[in-house]
Amino acid sequence: MRITEVANKLNISPRAIRFYEEKGLLSPAKHRDNQYRDFSEQDVWRLQTVISLREAGMPIADIRSALAGMGDNDAGELQYYLELQRSVMMSEWLQIKQVIETTERMIALVKSERSLPLEHIFRLAEASKELREHRGNWQDKWDFDLLASTHDERVAENQGNYADYDRALDLIAERVRPKDNELGLDIGTGTGNLAARFKQAGARMSGVDQSKEMLRLCQVKHPGLETRVGNFLALPYLEEQFDFVVSSFAFHHLGPEQQLLSLDEMKRVLKSNGRIGIADLMVSGIPADSADSVASRSQPPECIDLDRLLPWFADNGFRADVQRVNEWLHVLCAYKEVESLD
DNA sequence: ATTCTTACA
DNA sequence: TGTAAGGA
C-alpha cells in the first residue's frame, strides 16, 4: 500500500506518517527506484497502534519504547495499551468535569454579583494547568510493573502476617455480605485474592490494578474476574456501577489527600446504596505532639490515619465502623445511612 | 498524477 | 504536524 492510501484509511495525513517514521516508530519498505514507501499489513497495524497510543496522549518517546517491548502484531500487548488509554482518558474526563464545574460556579457568580473573585480565576487556571500537565503522567505508570514480578515473592515472605492477612480478607467479606449477582469492585486487586472471595460468595467481581503484570497473574489464578488497568484516583468505570467497592492492603500506598480523593472515586462508581470495605493498616488517635510518639511507635511505615478518614464517611452519608484485627490491621466497612422516616 | 526530501512556520 | 518548494 502506498502512503496516501494508508493515510486515508487511518484518517491521518501522509505527513504524520512520515513524521512517525522519522521518529523511529515505523520503517516501511521503500521502492528501489522511486523511494516510494510500501506499507505491509504489519506496518499498517503498527501504525494504527501508534495512532491509538498518541490519541491517549502518550509522548512519541514513550511510544517508541513501548513498541520496542512488543513484537509486531501482538494483540495482547495492544490490549494492555488500549486499557491504559481508557484509564488515562477516564482520568482526563474527570479533570474536565472539574473544570466544567468550576466554570459553572463562575458563571453563576457573574450572573448574580457582577464581580468575579480573583481566587476563582486562579482555581480555574490551576485546574486547566493540571489538565495540560496530565499528559506527562505516563511515566509513573511504568514503574509499577517492576514491583509486580516481585509481588508473589513478597506475599510469600509475609508468612508472619499471613494468618492475619487471610483473616482480614475473610472478615471484610463477612462484613460486606455480597449477595448473588451483585456487582463488586476490588481496587488494587493485585493477584485477585480478595476479589476471589467475593466471587465465591456469588458476586460478579471486577478488579482494578495499576500493573498489567499483576493482572496477568490474576487472570491465571482467577479467570472469571474482569480486570482493568487503572488508577485509584480515576477508576476506569462509569458512575453508579457497583453494589460494593472493596480494597485490601492497597489504600495505604496513597497519601492522605489522595486517600480522600480515592474515596470520592469509590462513591462515584457506587450505586446509591453501595457499600465500602477496606482492609488495611490503620491508626487512630495519634497524639498531637506526634513528633516524638510517632517515632517511638514501632512498625507502621505507611499507615491510614482513621481520624482523617472517618469524617469523610460522615460527610458523605455513610455509617462507618472499624474492626480491629491486630494492632495495625483493621477492617473498615461503610454502609449508606438509611433515612429514618419518623 | 504521486511521492519524496528539506526547510520553515 | 501543516505548508510550500523543487525534483524524480
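Everything below is about the structure printed above this text.
Residues numbered from 1 in each chain as written. Chains lettered and ligands numbered in written order. Predicted model: local features only at pLDDT ≥ 70, side-chain atom pairs only at ≥ 80, totals over all residues. Heavy atoms only, no water.

(A) Up close: helix α1 (residues 3–10). Taken together, the buried positions of α1 are occupied by Ile3, Val6, Ala7 and Leu10. Along α1, the residues classed as buried sweep out an arc of 100° about the axis, all on the same side. Exposed residues pointing more than 90 degrees away from the buried face of α1 are listed as Asn8 and Lys9. Taken together, the buried residues of α1 touch α2 (14–22), β2 (37–38) and α3 (41–55). Within two residues after α1, asparagine 11 carries a phi angle of roughly 60°, on the positive side. (Buried < 20%, exposed > 50% of the residue type's maximum accessible area, 1.4 Å probe, protein only. Helix = DSSP H or I, 4+ residues; strand = E, 2+ residues; numbered from the N terminus. Arc of directions from axis to C-beta. Contact = heavy atoms within 4.5 Å.)

(B) Looking closely at the pattern of salt bridges. The final tally for this structure, using the stated rule, is 14 salt bridges. For arginine 228, the salt bridge goes to glutamate 226, with nearest N and O atoms at 3.0 Å. Classification of arginine 228 as buried rests on a relative accessible area of 18%. Residue lysine 271 pairs with aspartate 243 through a salt bridge whose shortest N-O separation is 3.3 Å. Pair noted here: lysine 271 is in strand β7 (residues 270–283) and aspartate 243 is in strand β6 (residues 242–248), with a separation of 28 residues, a long-range link. Among the charged side chains, a salt-bridge network with shared partners connects Lys97, Glu239, Glu265 and Arg268. (Salt bridge = Lys/Arg side-chain N within 4 Å of Asp/Glu carboxyl O.)

(C) The arrangement of the nonpolar core in detail. Grouped together as the largest cluster of nonpolar side chains are 26 residues, with contacts concentrated most on Leu185, Ile276 and Phe313. Of all the secondary-structure elements, those providing two or more residues to this core are β3 (183–187), β6, α11 (256–269), β7, α13 (306–315) and β10 (329–336). Counting residues in each nonpolar core, the second largest holds 25 residues, with Val6, Tyr20, Met58 and Tyr81 among its members. (Core = buried A, V, L, I, M, F, W, Y, C linked by side-chain atoms within 4.5 Å.)

(D) Local environment of the packing of α1 against α2. Between α1 and α2, whose axes approach to 8 Å, the crossing angle comes to 105°. Taken together, the axis directions place α1 and α2 in an arrangement best described as roughly perpendicular. When α1 is examined against α2, the residues Ile3, Val6 and Ala7 are found in contact with a partner set consisting of Pro14, Ile17 and Arg18. Looking at the contact of α1 with α2, its residues break down into five nonpolar, no polar and one charged. (Axes fitted to C-alpha atoms, helices over the stretch in contact; angles between N-to-C directions. Parallel < 35°, antiparallel > 145°, perpendicular 65-115°, else oblique. Nonpolar A, V, L, I, M, F, W, Y, C, P; charged D, E, K, R; others polar.)

(E) Quick peek at the protein's contact with DNA strand C. Residues in contact with DNA strand C, as listed here, are Ser13, Arg15, Phe19, Tyr20 and Arg54. Protein-proximal atoms of DNA strand C, defined as those within 4 Å of the protein, fall in sugar or phosphate at a share of 40%. Within the contact set of DNA strand C, a phosphate oxygen lies 2.6 Å away from a side-chain nitrogen or oxygen of tyrosine 20. Sorting elements by how many residues they give to the surface near DNA strand C places α2 first, with three residues. In terms of residue class, the surface near DNA strand C is built from two nonpolar, one polar and two charged. (Near = heavy atom within 4 Å. Polar contact = N/O pair within 3.5 Å; in protein donor to acceptor, adjacent residues only side chain to side chain.)

(F) Just the protein's contact with DNA strand B, in detail. The local shell around DNA strand B consists of Arg2, Ile3, Thr4, Arg15, Arg18, Lys30, Gln35, Tyr36 and Arg37. Separating a phosphate oxygen of DNA strand B from a side-chain N or O atom of lysine 30 is a distance of 3.4 Å. Within the contact set of DNA strand B, a phosphate oxygen lies 2.3 Å away from a side-chain nitrogen or oxygen of arginine 37. Elements supplying a minimum of two residues to the surface near DNA strand B: α1 and α2. Split by residue class, the surface near DNA strand B holds two nonpolar, two polar and five charged.

(G) Quick peek at the side chain of glutamine 259. Mapped onto the secondary structure, glutamine 259 falls in helix α11. Exposure remark for glutamine 259: the relative accessible area of 4% places this residue in the buried category. A polar side-chain atom of glutamine 259 sits 3.1 Å from the main-chain carbonyl oxygen of leucine 254. Here glutamine 259 is in contact with Phe251, His252, Leu254, Cys303, Ile304 and Leu309, once residues within four sequence places are set aside.

(H) The packing of aromatic side chains, seen in detail. Here the structure, examined in full by the defined rule, presents seven aromatic pairs. An angle of 55° between the planes, with centres 6.0 Å apart, marks the rings of phenylalanine 19 and tyrosine 20 as tilted. Owing to a relative accessible area of 30%, phenylalanine 19 belongs among the partly exposed residues under this scheme. With a centroid separation of 5.7 Å and 20° between ring planes, the pair formed by tryptophan 312 and phenylalanine 318 is classed as stacked. Of the two residues, tryptophan 312 and phenylalanine 318, both sit in the buried class. Ring pairs connect the aromatic residues Trp312, Phe313 and Phe318, which therefore count as one cluster. Lying across the ring of tryptophan 93, lysine 97 places its NZ or CZ 4.9 Å from the centre. Over the ring of phenylalanine 318 we find lysine 336; its NZ or CZ atom is 4.4 Å from the centre of that ring. (Phe/Tyr/Trp six-rings, centres within 6.5 Å; stacked < 30°, edge-to-face > 60°. Lys NZ or Arg CZ within 6 Å of the ring centre and 35° of its normal.)

(I) Summary view of the pairing of strand β9 (residues 318–324). Both β9 and β10 contribute to a ladder of seven bridges, which runs antiparallel. Following the sheet pairing, arginine 324 is matched in β10 by histidine 330. Counting the residues between successive antiparallel strands, the hairpin from β9 to β10 contains four residues. (Pairing = 2+ DSSP bridges.)

(J) Up close: unusual backbone geometry. Notably, arginine 177 is not glycine yet its phi reads approximately 50°, a positive angle. If you trace the backbone, arginine 177 turns up in the loop between α8 (159–176) and β3.

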